[in-house]
Amino acid sequence: MKAATSDRILLADAVAELIEALHQKYPGIRTKPIPPVEDEDFTIEIEVPSQFSLEEVELESHKECIRLEDKYDIYMLPLVTRKAE
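Rules used in this analysis
- Residues numbered from 1 in each chain as written.
- Predicted model: local features only at pLDDT ≥ 70, side-chain atom pairs only at ≥ 80, totals over all residues.
- Heavy atoms only, no water.
- Pairing = 2+ DSSP bridges.
- Helix = DSSP H or I, 4+ residues; strand = E, 2+ residues; numbered from the N terminus.
- Right-handed = clockwise from strand over helix to strand, strands pointing away.
- Phe/Tyr/Trp six-rings, centres within 6.5 Å; stacked < 30°, edge-to-face > 60°.

Chemist: Which parts of the structure should I look at to understand the pairing of strand E3 (residues 76–82)?
Modeler: Consecutive residues of a regular strand have side chains that alternate between opposite faces of the sheet. As judged from the seven bridges shared by strand E2 (residues 42–48) and E3, these two strands associate in the parallel manner. Counted as the bridge partner of Ile 44 is Pro 78 from E3. Once you follow E2 into helix H2 (residues 54–72) and on to E3, the crossover reads as right-handed.

Here's what the structure looks like:
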């Protein structure tokens, strides 16, 4: 039971770090968890306002997820979409 709690804490820390890093780089984005895709531990939808390049945010999101995967051994998938305005 303790391992499951530890895994949830690691996941929460990784997700918090991801969201903070993305909001620092791209103010105005919106993030929300969505059901995990395939074998990922966590999937997050990132809605990007029109002032940011969708491709740039997607690339940076993947880089940040890879960094956090190395740090926490947690697998996260960012799904980047254009924010409806």
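Chemist: How should the packing of aromatic side chains be read in this particular structure?
Modeler: Scanning all chains against the criterion turns up one aromatic pair. Ring centres of Tyr 26 and Phe 52 lie 5.3 Å apart, and the angle between their planes is 80°; this geometry places the pair in the edge-to-face category. Here the residue Tyr 26 occupies a position in the loop between helix H1 (2–25) and strand E1 (30–34), and Phe 52 occupies one in the loop between E2 and H2, the gap between them amounting to 26 residues.

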